[in-house]
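# Coordinates in review
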Amino acid sequence: MKNIDLNSDLGESFGAYTIGNDAAILPIVSSANVACGFHAGDPVVMRRTVKLAIDAGTAIGAHPGLPDLVGFGRRQMKISPDEAYAIVVYQVGALAAFVKAMGAHLQHVKPHGALYNMAAKDSALAEAIAKAVADVDSSLILYGLAGSELIKAAESEHIASASEVFADRRYMDDGSLMPRSEKGAVLSDEDEASAQALMMAERGEVVTASGRTIHVKADTLCIHGDTPKALAFAKRIRDDLSDCGIAIRPTGKFL
């Protein structure tokens, strides 16, 4: 039986603002990427989200981002590898403290937004992030875009990695994600997103924006928790994967 992890970016509410439907999505996915306070989240939300994940039996990961609350961490910032290392250690350490305080285990680290996309192509940033993860806890799994510099950096640091694919994002011919600023970058049709998820999980392939079919390694599949259709997408994709005989399990159970 094939295995795949379903992950979702959660814990992105902060202060008086509520984002996403964490309590409903957590029992559907197998891993949660919890915002660590830089692009979203705050200490109260972090603690609450960790508790919800534990109650749902969902594996927990840190979701460190750029220090850009206003831009939700999706605007590129010019940062050095040293800065990338520091902000990842800081954020992973903060979430790890909440996880430890509740007697649970931190499974993985997945960079967020612009930091994720920058590190997918910038080897120096990717190496800094991988080193930060390894130095905090070498048993952590680093999530990165399939075929990206983050996956290569994890291998160099001798830590486990999970190649990530996206059900609701359009791909470019080089395997990168189409920028959100471009029309059609985010898939809004449930049938299309589910079909793309199944193609990646079953065959390791995806059709790009230009119509080309490329190979992708799919260890973990992301469903964004902040989109209006996140809950419907999560339910549909989980059901379709299960119907095809693909087991939904956290990466820590099969990598």
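The structure under discussion appears in the preceding block.
Keep in mind that what you see is a predicted model, and the values were worked out from it rather than measured. (Residues numbered from 1 in each chain as written. Predicted model: local features only at pLDDT ≥ 70, side-chain atom pairs only at ≥ 80, totals over all residues. Heavy atoms only, no water.)

### Digging into the overall build of the protein
If you tally the helices and strands in the protein, you get eight helices and 10 strands. Relative to a compact globule of 255 residues, whose C-alpha radius of gyration would be 18 Å, the protein shows 16 Å and is just as compact. By its C-alpha atoms, the protein is 40 × 40 × 35 Å across when sized along the principal axes. When contacts within the protein are restricted to residue pairs at least 6 apart in sequence, long-range pairs at least 24 apart make up 72% of them. (Helix = DSSP H or I, 4+ residues; strand = E, 2+ residues; numbered from the N terminus. Rg over C-alpha atoms; globule rule 2.2 N^0.38 Å. Contact = heavy atoms within 4.5 Å.)

### Description of the pattern of salt bridges
Under the counting rule described, the total for this entry stands at 12 salt bridges. Between Asp68 and Arg75 there is a salt bridge, with its nearest N and O atoms 2.5 Å apart. Of the residues examined, Asp68 reaches a relative accessible area of 6% and is grouped as buried. Between Lys131 and Asp135 there is a salt bridge; the shortest N-O distance is 3.3 Å. Of this pair, Lys131 and Asp135 are both found in helix H5 (residues 123-136), four residues apart, which corresponds to roughly one turn of the helix. According to the relative accessible area criterion, Lys131 is partly exposed, its value standing at 38%. (Salt bridge = Lys/Arg side-chain N within 4 Å of Asp/Glu carboxyl O. Buried < 20%, exposed > 50% of the residue type's maximum accessible area, 1.4 Å probe, protein only.)

### Some thoughts on the nonpolar core
Membership of the largest hydrophobic core comes to 72 residues, with the highest contact counts inside it found for Leu95, Leu221, Ile237 and Leu241. In terms of residue count, H5 provides more of this core than any other element does, eight residues in total. Residues in contact with Ile237, not counting those within four places in the same chain, are Leu6, Ala167, Ala193, Ser194, Ala197, Leu221 and Ile223. (Core = buried A, V, L, I, M, F, W, Y, C linked by side-chain atoms within 4.5 Å.)

### Comments concerning the pairing of strand E4 (residues 106-109)
Across three bridges, the pairing between strand E3 (residues 59-63) and E4 is parallel. Within E4, the position partnered with Gly61 by the bridge is His108. As for the winding sense of the linkage, the β-α-β connection from E3 through helix H3 (residues 81-101) to E4 is right-handed. (Pairing = 2+ DSSP bridges. Right-handed = clockwise from strand over helix to strand, strands pointing away.)

### Some words on the packing of aromatic side chains
Applying the stated rule across the entire model yields three aromatic pairs. Ring geometry for Phe38 and Tyr90: centres 5.5 Å apart, planes at 45 degrees, overall tilted. With Phe38 in the loop between strand E2 (31-35) and helix H2 (43-56) and Tyr90 in helix H3, this residue pair connects regions lying 52 residues apart in the sequence. A residue is classified by how much of its surface remains accessible, and Tyr90, at 58% relative accessible area, is exposed. Look at Tyr116 and Phe166: their rings are 6.0 Å apart centre to centre, the planes differ by 85 degrees, and that puts the pair in the edge-to-face class. Here Tyr116 is found in helix H4 (residues 113-121), whereas its partner Phe166 is found in strand E6 (residues 161-166), with 50 residues between them in sequence. Each member of the pair Tyr116 and Phe166 is classed as buried. (Phe/Tyr/Trp six-rings, centres within 6.5 Å; stacked < 30°, edge-to-face > 60°.)

### Concerning the pairing of E2
When you tally the buried positions in E2, you get five out of five residues, the bulk of the element. Where burial is concerned, the two faces of E2 agree: the one with Ser31, Asn33 and Ala35 and the one with Ala32 and Val34 are both buried. Where strand E1 (residues 2-10) lies against E2, four bridges are found, and the strand directions are parallel. Bridge pairing in E2 links Asp9 to Asn33. Bridge analysis of E2 against E3 gives five bridges, and the strand direction is parallel. When the sheet's bridge partners are listed, Ala35 is paired in E3 with His63. Crossover connection from E2 via H2 to parallel E3: handedness right-handed.

### Overview of H2
The end-to-end C-alpha distance of H2 is 20 Å, a good match for the 20 Å that 14 residues give at a rise of 1.5 Å each. Within the span of H2, buried status applies to Val45, Met46, Thr49, Val50 and Ala53. Taken down its axis, H2 places every buried residue within 135 degrees of arc, on the same side. In H2, the exposed positions that point more than 90 degrees away from the buried face belong to Pro43, Val44, Arg47 and Asp55. (Expected span 1.5 Å × (residues − 1). Arc of directions from axis to C-beta.)

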